[in-house]
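Examination of the molecular architecture
As a plain string of letters, each chain reads:
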Amino acid sequence: MAICPICRKHPAEAEYRPFCSKRCADVDLGRWLTGSYAVPAEDDEIPTQDRSED
């Protein structure tokens, strides 16, 4: 059985998996919305068009 990533308890209800409760699910959502969690990304160079041909 998986452990809740927020409070480290075993999930009690299947409805909130992988979290143990609505509270832990809401805490996780709040962390995403405030930017506490972020997916790392690399900046790609944006190709510029050469306008000398116009």
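In this report, we go over the structure that sits alongside the text. As the structure is a prediction and not an experimental result, all values here were calculated from the model.

**Quick notes on the pattern of salt bridges**
Summed over the entire model, instances satisfying the criterion amount to 1 salt bridge. Across the pair D26 and K22 runs a salt bridge, and its minimum N-O distance is 3.0 Å. Here the residue D26 and the residue K22 both occupy positions in helix 1 (residues 22-34), the gap between them amounting to 4 residues, near one helical turn. Overall, the relative accessible area of 39% leaves D26 in the partly exposed class.

**Some thoughts on the environment of A25**
Looking at where A25 falls in the secondary structure, it is placed in helix 1. Among the residues examined, A25 registers a relative accessible area of 21% and is labelled partly exposed. For the pair formed by A25 and I6, sequence separation is 19 residues and the distance between their alpha carbons is 8.2 Å.

Cut-offs applied
- Residues numbered from 1 in each chain as written.
- Predicted model: local features only at pLDDT ≥ 70, side-chain atom pairs only at ≥ 80, totals over all residues.
- Heavy atoms only, no water.
- Salt bridge = Lys/Arg side-chain N within 4 Å of Asp/Glu carboxyl O.
- Helix = DSSP H or I, 4+ residues; strand = E, 2+ residues; numbered from the N terminus.
- Buried < 20%, exposed > 50% of the residue type's maximum accessible area, 1.4 Å probe, protein only.

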